[in-house]
Amino acid sequence: MGVIQNNFNKLLGLTLGAVGTAKHLESQAMVNKTTALNQYENFSHEEQAYNTDKANLAQEQASIDEKMTKNRASAEKMNKKIEEQGFAKKGQSLYMAALEKSYNSLAEKQELLKGRKATLDERAKFLKEKGSNVNSLLQKAKIKNLKVGGID
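Cut-off values and rules
- Residues numbered from 1 in each chain as written.
- Predicted model: local features only at pLDDT ≥ 70, side-chain atom pairs only at ≥ 80, totals over all residues.
- Heavy atoms only, no water.
- 1 Å grid on protein atoms, 1.4 Å probe; cavity = no way out; pocket = protein on both sides within 12 Å on 5 of 7 lines; lining within 4 Å.
- Points joined across faces, edges and corners; volume = space filled by probe spheres on them.
- Helix = DSSP H or I, 4+ residues; strand = E, 2+ residues; numbered from the N terminus.
- Expected span 1.5 Å × (residues − 1).
- Salt bridge = Lys/Arg side-chain N within 4 Å of Asp/Glu carboxyl O.
- Buried < 20%, exposed > 50% of the residue type's maximum accessible area, 1.4 Å probe, protein only.
- Contact = heavy atoms within 4.5 Å.

1. Re the layout of surface pockets
Its boundaries defined by the atoms lining it, the largest pocket holds a volume of some 200 Å³. What lines the largest pocket is a set of twelve residues, and nearest its centre among them are Lys-54, Leu-57, Lys-117, Leu-120 and Asp-121. Counting only elements with at least two residues in the lining of the largest pocket, the list comes to helix H1 (2-85) and helix H2 (90-140). In terms of residue count, the dominant contributor to the lining of the largest pocket is H2 (six residues).

2. Details of H2
For H2, which comprises 51 residues, the first-to-last C-alpha distance of 74 Å matches the rise-based estimate of 75 Å (1.5 Å per residue) to within 8%. Trailing H2 by a residue or two, Lys-142 shows a phi angle of about 60 degrees, which is positive.

3. Some details on the pattern of salt bridges
With the rule as written, the count across this model stands at seven salt bridges. Among the ionic pairs, Glu-66 bridges to Lys-70, the shortest N-O distance being 3.3 Å. Of the two residues, Glu-66 and Lys-70 are both situated in helix H1; the distance of four residues between them amounts to about one turn of the helix. The class of Glu-66 is partly exposed, set by a relative accessible area of 45%. On the basis of relative accessible area, Lys-70 is assigned to the exposed category, the value being 52%. Notably, a salt bridge pairs Lys-117 with Asp-121, separated by 3.2 Å at the nearest N-O pair. Of the two residues, Lys-117 and Asp-121 are both situated in helix H2; the distance of four residues between them amounts to about one turn of the helix.

4. Section: the environment of Leu-146
Locating Leu-146 in the fold gives a position in the segment after H2. On the basis of relative accessibility, which here comes to 22%, the residue Leu-146 falls in the partly exposed class. Once residues within four sequence positions are removed from consideration, Leu-146 is found in contact with Leu-37, Tyr-40 and Leu-138.

5. A few points about the environment of Leu-137
Secondary-structure assignment places Leu-137 in helix H2. Look at Leu-137 and you get partly exposed, because its relative accessible area is 28%. For the pair formed by Leu-137 and Tyr-40, sequence separation is 97 residues and the distance between their alpha carbons is 8.8 Å.

None of the figures reported here should be taken as evidence of function without further support.
This is the structure:
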């Protein structure tokens, strides 16, 4: 009778161990899914913020480029007029000084934009790597309908 009881206890222990392992695996799968979905959501917000900042930077760059083009055209026109006259009238020299000041201000803004662009480029590298990690989490969690988009 002791042998039967012993074997029954072993079988009961194995069954309970298998049930415990199954529950652990089930809870681990749920944790994997939750983690993957949270990371996907965080990445999506960061990607959206990056894209907004990138669009704003491009818009500012276009505005500065347009203003610089107009500034150069005005300066060339004024230089041509001064050359035709043979000298610069007082108002013309003040206008040229204002154009030069404006150009220098735009060049300074241009440098600031270059710094912001470099920062955005670093953010893009970081987000690209993070996107790859999020994709790995999604695969591990067996979530196939979500994919992380591409950062250029």
